[in-house]
Amino acid sequence: MRLFAAVLPPDAAVAELAARVEALRALPGADGLRWTEREGWHFTLAFYGEVAEEVLPELHTRLARAAHRHRPHELRLARGGRFDDRVVWVGVDGDSETLRGLADSAAAGGRRAGIPMDRHRPYHPHLTIARARSARHGSARHGSAGLSLAPYAERLADFAGQEWTVRELSLVRSHPPAPGVPGRQPRYEVVAAWPLGH
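Residues numbered from 1 in each chain as written. Predicted model: local features only at pLDDT ≥ 70, side-chain atom pairs only at ≥ 80, totals over all residues. Heavy atoms only, no water.

Caption draft 1: Inspection of the overall build of the protein chain at higher detail. A tally of regular secondary structure across the protein chain gives 4 helices and 9 strands. The globule rule puts the C-alpha radius of gyration for 198 residues at 16 Å, and the 17 Å found for the protein chain is close to it. When its C-alpha atoms are laid out on the principal axes, the protein chain stretches across 45 × 35 × 25 Å. Sequence separation of 24 or more characterises 79% of the internal contacts of the protein chain that already satisfy a separation of 6 or more. In the structure as shown, the protein chain presents an accessible area of about 10,700 Å², 48% of it carried by carbon and sulfur atoms. (Helix = DSSP H or I, 4+ residues; strand = E, 2+ residues; numbered from the N terminus. Rg over C-alpha atoms; globule rule 2.2 N^0.38 Å. Contact = heavy atoms within 4.5 Å. Areas by Shrake-Rupley, 256 points an atom, 1.4 Å probe, with all protein chains shown as cover.)

Caption draft 2: Just the pattern of salt bridges, in detail. Applying the stated criterion across every chain yields a total of 7 salt bridges. Here Arg20 and Asp158 are joined by a salt bridge, their closest N and O atoms 2.9 Å apart. Separated by 138 residues along the polypeptide, Arg20 in helix α1 (residues 11-24) and Asp158 in the loop between α4 (150-155) and β7 (164-166) bring together distant segments of the chain. For Arg20, a relative accessible area of 23% gives the class partly exposed. A salt bridge links Glu97 to Arg100; the shortest N-O distance between them is 3.0 Å. Here the residue Glu97 and the residue Arg100 both occupy positions in helix α3 (residues 96-112), the gap between them amounting to 3 residues, near one helical turn. (Salt bridge = Lys/Arg side-chain N within 4 Å of Asp/Glu carboxyl O. Buried < 20%, exposed > 50% of the residue type's maximum accessible area, 1.4 Å probe, protein only.)

Caption draft 3: Broad picture of the confidence of the model for the protein chain. The predicted model of the protein chain has a mean per-residue pLDDT of 89, with 91% of residues at 70 or higher. Within the protein chain, no element has a lower average pLDDT than strand β2 (residues 33-35), which sits at 92, and none a higher one than β7, at 98. In the model, residues 135-144 has pLDDT below 50 throughout and makes 14 contacts with residues more than four positions away in sequence or in other chains. (pLDDT = per-residue confidence, 0-100.)

Caption draft 4: Spotlight on the layout of surface pockets. Space inside the largest pocket adds up to approximately 1,600 Å³. Lining the largest pocket are 47 residues, and of these His42, Thr44, His126, Thr128 and Arg131 sit closest to its centre. Its residues assigned to classes, the lining of the largest pocket comprises 20 nonpolar, 12 polar and 15 charged. As a volume, the second largest pocket reaches approximately 220 Å³. As for the second largest pocket, its lining consists of 14 residues, of which Leu8, Arg38, Glu39, Gly40 and Trp41 are closest to the centre. Elements supplying a minimum of two residues to the lining of the second largest pocket: α1 and β9 (187-195). Per-element accounting of the lining of the second largest pocket gives the leading share, 3 residues, to β9. Its residues assigned to classes, the lining of the second largest pocket comprises 8 nonpolar, 2 polar and 4 charged. (1 Å grid on protein atoms, 1.4 Å probe; cavity = no way out; pocket = protein on both sides within 12 Å on 5 of 7 lines; lining within 4 Å. Points joined across faces, edges and corners; volume = space filled by probe spheres on them. Nonpolar A, V, L, I, M, F, W, Y, C, P; charged D, E, K, R; others polar.)

This is the structure we're talking about:
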């Protein structure tokens with residue numbers, strides 16, 4: 001099964017962001033982006049990829065330990081940005097150091113459980129709200145036929161949602177969309193969660 005560790009924002013924070021995203025979707029060219037569905041909004045802490053069933057008990061043990069080592073902490077969805085002209089994202093304000101520590105522990109837990117992990121990169125907490133559609137011609141770096149994502153990132157510069165408390169670490173399964181169905185997105189299922197600080 002395809003798994004990742006994540007922090008899930010609460011419904012109230014998601015609703016605030018959804019209102020701002022609705023305004024972004026009215027901008028010129030917005031139909032040239034693939035907008036993520038609010039049910040799938042999350043902060044990925046560590047991506048594990050395809051994980052064999054027999055690895056799950058050890059991964060659960062490692063993630064329970066990771067959650068125990070980090071206290072609940074305050075965050076808010078805030079501001080936004082882009083990765084080149086490929087992805088539009090929303091970031092966080094608040095205790096992002098604790099969140100980074102939790103991400104490091106989730107990645108280390110995966111490695112210790114025997115999951116081959118990508119080389120370690122500094123953690124950049126972000127919640128993806130849109131992706132450029134792959135252009136059929138030209139460089140993929142320029143996304144959907146050269147659509148600039150700068151206006152979308154600029155409209156998020158002043159975004160600041162309400163503060164909320166991160167209380168748990170979740171293990172999430174990604175169910176890929178059915179092939180050949182345009183516009184379908186992965187479905188996410190929380191398979192386990194552990195309270196922080198316990």
